[in-house]
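# Structural description and commentary
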There are 2 protein chains.
Amino acid sequence: MASVSVSIRKSGSVQLQSMSSLHFILLIPLFCFISNISSVQSRINVWPKPRNLSWLHPQATLLSPSFRIISPKHRYLTPAVDRYRHLVLSERHRSIVSPVVNLTFTHPLQAVKLTVTDLKTPLQHGVDESYTLTIPTVGAANLTARTVWGAMRGLETFSQLVWGDPPCVPTGLSIYDSPIFGHRGVMLDTSRNYYGVEHILRTIRAMSANKLNVFHWHITDSHSFPLVLPSEPELARKGSYGPDMQYSPADVKRIVEYGFRHGVRVLPEIDAPGHTGSWVEAYPEIVTCANMFWWPDGTDWADRFASEPGTGHLNPLNPKTYEVLHNVIHDVASLFPEPFYHAGADEIIPGCWRADKKIQAFLSNGGTLSQLLETFINSTFPFIVSLNRTVVYWEDVLLDDNVKVNPSILSPEKTILHTWNNGPNNTKRIVSAGYRVVVSSSDFYYLDCGHGNFLGNDSRFDRQISDEPGKPFNYDGGEGGSWCGPFKTWQRIYDYDITYGLTEEEARLVLGGEVALWSEQADPTVLDARIWPRASAMAETLWSGNRDETGKKRYAEATDRLNEWRYRMVSRGIGAEPMQPLWCVTHPGMCNMVQ
Amino acid sequence: MASVSVSIRKSGSVQLQSMSSLHFILLIPLFCFISNISSVQSRINVWPKPRNLSWLHPQATLLSPSFRIISPKHRYLTPAVDRYRHLVLSERHRSIVSPVVNLTFTHPLQAVKLTVTDLKTPLQHGVDESYTLTIPTVGAANLTARTVWGAMRGLETFSQLVWGDPPCVPTGLSIYDSPIFGHRGVMLDTSRNYYGVEHILRTIRAMSANKLNVFHWHITDSHSFPLVLPSEPELARKGSYGPDMQYSPADVKRIVEYGFRHGVRVLPEIDAPGHTGSWVEAYPEIVTCANMFWWPDGTDWADRFASEPGTGHLNPLNPKTYEVLHNVIHDVASLFPEPFYHAGADEIIPGCWRADKKIQAFLSNGGTLSQLLETFINSTFPFIVSLNRTVVYWEDVLLDDNVKVNPSILSPEKTILHTWNNGPNNTKRIVSAGYRVVVSSSDFYYLDCGHGNFLGNDSRFDRQISDEPGKPFNYDGGEGGSWCGPFKTWQRIYDYDITYGLTEEEARLVLGGEVALWSEQADPTVLDARIWPRASAMAETLWSGNRDETGKKRYAEATDRLNEWRYRMVSRGIGAEPMQPLWCVTHPGMCNMVQ
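Residues numbered from 1 in each chain as written. Chains lettered and ligands numbered in written order. Predicted model: local features only at pLDDT ≥ 70, side-chain atom pairs only at ≥ 80, totals over all residues. Heavy atoms only, no water.

In the nomenclature of an unreviewed UniProt entry, chain A corresponds to Beta-hexosaminidase from the organism Nelumbo nucifera. Note on chain A: under the UniProt heading Sequence similarities (unreviewed entry), the record states "Belongs to the glycosyl hydrolase 20 family." As recorded by UniProt, the Catalytic activity (unreviewed entry) comment attached to chain A reads in full: "Hydrolysis of terminal non-reducing N-acetyl-D-hexosamine residues in N-acetyl-beta-D-hexosaminides." (UniProt positions renumbered as here; feature names shortened; annotations may be inferred.)

Shown next, in the form of structure tokens:
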């Protein structure tokens, strides 16, 4: 076999360690490992790192210009196959630090043969996403998976193995891969600020490239109601930011379909009964405390109307509330095939319900706020379940200090709790009560934190002196000038173990996690940079973990790999923010705290 | 005069308060104050707010489709005039909160007559930037300025007065305007990560729109040397990130010319003798401690080689250092006509010089590190001055704890210090020593802060529990996980008084300020969002101050105005980050801390 071992100097010249096949090289003007800034040996890079990868003798070959992916036909898989074939032939990825491999030219890779055992299993929680990929030194590669969704994961892996111009691909390689956690998500809030459909599609595409599989769409909130619903069109017509800032049923269909083609579930959230100020424009009668100044001067924090501007809760005592809400739930269940339905139920602010006269009378007669919430849940939860959905609620519905329901009304079989407060502690409380959980701890997974309080007229910023060491410039109980500060770096996210402190049995109830982008200070201008590469960090931790073979946390080694992956994402049109100076990327390990 | 008073409902329908001129409206299908999300009365908005604006009877007229700007011919002014004429006719800005004015149709504005007293004064520090703009209810508008640079400021103001489709412009208005501080800058580091020329041009364009006038270009550092210099081409050929990540002399010429056409000085910085690791690729003999691991395991912080990766200082004892550096300075002075030359001189790290054997011998013989720096300054400062430049140094050259020069070698007439540490205190120290100062306090003006430590392998991020109240999750002495955290919000920047604590006499030595974007965690993916609208906040404070007529800080009122300006910047192609949910913008005052 003709082979040549190659490394690259910074100047871009090719250094040949064996000259036996020089004539092969001269026939190829632009070469797969040419990189003008590479100087250090590296391994091939797949992000998230596969569970098992064997590549004993680093070799590579060219990708044949007539390269094919031989695949069964399938509504969602076939577009993915077409997409990946196009990607691997056209991407021409220039690694920052190029692989150093024995490159052979005699057997370009002609095809990947894709075998899927079961073409029928739908995309849902717990679906088998495993795959096996083998690329022999001679002959076609084989990708086998139980489901089309596993096949898509394997195709992504294959695409990341390919690099260079003309494209090269490693050979003598085999991978067995499957995720640790079944629920690996990104939450996006499209109510506080609006994101056009193209931005959501790009986010789903980037998620798929990171093997993330749940786009949790926090569609509505107090600020705007962008979702056009056939049974309740007034909610968006009056409650959205305008006709050009709405999601039509056709938009939703496009997003859901795009999700399927990328192996990404689209999980809708209609937050209620809190976070519903925007509903007031269509139905003033069902919303309490709407359009009030959120925290009147001179009142206590406990008497505020909302946790932030703007205000508004659905009124649980008004039958019209449920008339509207059942229409909303019905339409959402029709638009989104996803078997989970996120119903919100976070942050019930006592002052908002107390602002309503009917509720005041109810409370005066000995009723409680928690009873009001139970009324609301009892009037909606069974309806959602009747539509064959599992209901996801934010943890507050069970753990809020003031307003919470009795667990007996939420069956663990049909309920999942979504934790966000109190680090790992609330996850522990939920699973020890027997509920399944999705983790979005704000201490680790909130992508919006650390950009400063967004409120205007904040006199605390009028400070002319430096921060004293030990007396930090601290707003709202958190650093970085925001309640959940500081900024969550990729390492903070990567290092978090979402089953920390749980028993083995409890840990089995943890379905997975989601990074969350609340949009007080985000919109399309910053979307990609806020999410990527930090969501990539979670993606690897939830897919294959954050530890090496010896059980040691692998964040040092991950730095170099994630740097590379960040640049590849950028070249794929995802505006991921840089983690370090490029110098650090070209000098692996040199920008560490300790080597 | 036909007139109609108009306000807008959220539905977008036009509500007519006087019907006398309805027929005029019906002739115009898209109207200058049409906005689908506006509901609240507002004033016209110019950012930064002019010093004096009189508009006693809010009226407006249409901009004539044949609108002209009648102007003297000038190399830089004429392109600006052409640009602004095109902008006001084509921008069709939709205000978020539309002005409510008496609109007249009988006298569309046909022209602005631009008068400039002195067409010859070059763009330099202290140049007169004042202008007067009057727009009468009938007849042409008049814009008068002493210099072309003041004329450009006035044109920008005029452009921001125009809104709507077709374009409207207020009448009965007069403005007298001039800046409080002459030096209003943005610093960009293009060494740690590279920015293509188009990104620099866009930044200069955005600066001009904010009446900022100094683009401080931190061109080189330890990470890369992107500037191609005719006398020293090897520095960029070997020290840049690659041939596609360099600035050629033609690139520089284009950037400088673009700056002149926008009234923005391009102030180059070649940082030395520290921050010069990238020079080692071309000249290994003149750089100490290059390409070392920055902080060897087990050593004290005082013994590190650099304040961050990577390492490298110019060797003050090697004559070759000055041979190269004089070539560099000469070329830079040729490429950049700007009368200021920023020579850096920050962060001399003792360990880096101490790593050199010749320096070790010098120190063993009783020499000091400060003597070494004095040798360096005495071998470069007079040369820079001989090229008719005023030299800007970072404050360290006089204020560093370990390595600093005797002030006697830096004449106040030819030296400006650039402060960045210790809040207002170091500014006080510099001006009380009689030096002029530019302020970039890292507590207020560093735009990179708060995004977390960029170093890899940082075990401090491996923490599985929540932050305890009062025991913040604190890295490197600052919140937000970075040494200078937390993130500097626009309000923190807006509220800073750069002459805080100074006497009147001392305050006169403060030339102005610069926000600074160091690029450890920035590159083109995040450039606009990191700079804007936070640099706009400084722009107003340095132009017209941060207080209202009564002397009260005006950050509450500024919130609404800056929100509007942020959206206008976005529509002009500047990806400024959002400050708040759009709901806050459409509901002025409702997202304040206290009303």
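Residue and element names in this part refer to chain A. Applying the stated criterion across every chain yields a total of six disulfides over all chains. Each sulfur of the disulfide joining C584 and C591 lies 2.0 Å from the other. Note on the C584 and C591 pair: the S-S dihedral is about -75°, so by sign convention the disulfide is left-handed. Across the pair, C591 and C584 agree in class, each one buried. (Disulfide = S-S within 2.5 Å. Buried < 20%, exposed > 50% of the residue type's maximum accessible area, 1.4 Å probe, protein only.)

To continue, consider the packing of helix α4 (residues 197–209) of chain A against helix α6 (residues 249–261) of chain A. All names here are of chain A. Orientation of α4 relative to α6, taken along the N-to-C sense of each, is 10°, at an axis distance of 10 Å. Between α4 and α6, the angle falls in the class roughly parallel. Our pair here, α4 against α6, has a crossing hand that is right-handed. When α4 is examined against α6, the residues V197, I200, L201, I204 and R205 are found in contact with a partner set consisting of D251, R254, I255, Y258 and G259. By residue class, the composition of the contact of α4 with α6 is six nonpolar, one polar and three charged. (Axes fitted to C-alpha atoms, helices over the stretch in contact; angles between N-to-C directions. Helix = DSSP H or I, 4+ residues; strand = E, 2+ residues; numbered from the N terminus. Parallel < 35°, antiparallel > 145°, perpendicular 65-115°, else oblique. Left-handed = near helix turned anticlockwise from the far one by under 90°. Contact = heavy atoms within 4.5 Å. Nonpolar A, V, L, I, M, F, W, Y, C, P; charged D, E, K, R; others polar.)

Residue and element names in this part refer to chain A. As enumerated under the stated definition, the model contains 46 aromatic pairs over all chains in all. With centroids separated by 6.0 Å and ring planes inclined at 45°, the aromatic side chains of Y322 and F376 adopt a geometry described as tilted. Of this pair, Y322 sits in helix α7 (residues 319–335) while F376 is found in helix α10 (residues 369–378), placing the two residues 54 residues apart along the sequence. For F376, a relative accessible area of 3% corresponds to the buried category. Sitting over the ring of F340, R265 keeps its end group 4.7 Å from the ring centre. Lying across the ring of W301, R304 places its NZ or CZ 4.0 Å from the centre. (Phe/Tyr/Trp six-rings, centres within 6.5 Å; stacked < 30°, edge-to-face > 60°. Lys NZ or Arg CZ within 6 Å of the ring centre and 35° of its normal.)

Turning our eyes to something else, we now look at the UniProt feature "active site" (unreviewed entry) in chain A. All names here are of chain A. Within the UniProt annotation, "active site" (unreviewed entry) is assigned to E347. If you trace the backbone, E347 turns up in the loop between β15 (340–344) and α8 (350–354). Here E347 is in contact with H275, S307, H313, D396 and W420, once residues within four sequence places are set aside. At a separation of 2.9 Å, a polar atom in the side chain of E347 contacts the side chain of H275. (Polar contact = N/O pair within 3.5 Å; in protein donor to acceptor, adjacent residues only side chain to side chain.)

All names here are of chain A. On the basis of which strands lie adjacent, the closed barrel formed by eight strands has the order β10-β11-β12-β15-β16-β17-β18-β19 and parallel pairing. Within the sheet, the average angular offset between the axes of one strand and its neighbour, ignoring direction, is 30°. In this structure, strand β10 (residues 183–189) lies alongside strand β19 (residues 510–517), joined through six bridges in parallel fashion. Paired with R184 across the bridge in β19 is G513. Sitting on the sheet, helix α13 (residues 424–432) is in contact with β17 (415–419), β18 (436–439) and β19, with an inclination near 165° to β18. (Pairing = 2+ DSSP bridges.)

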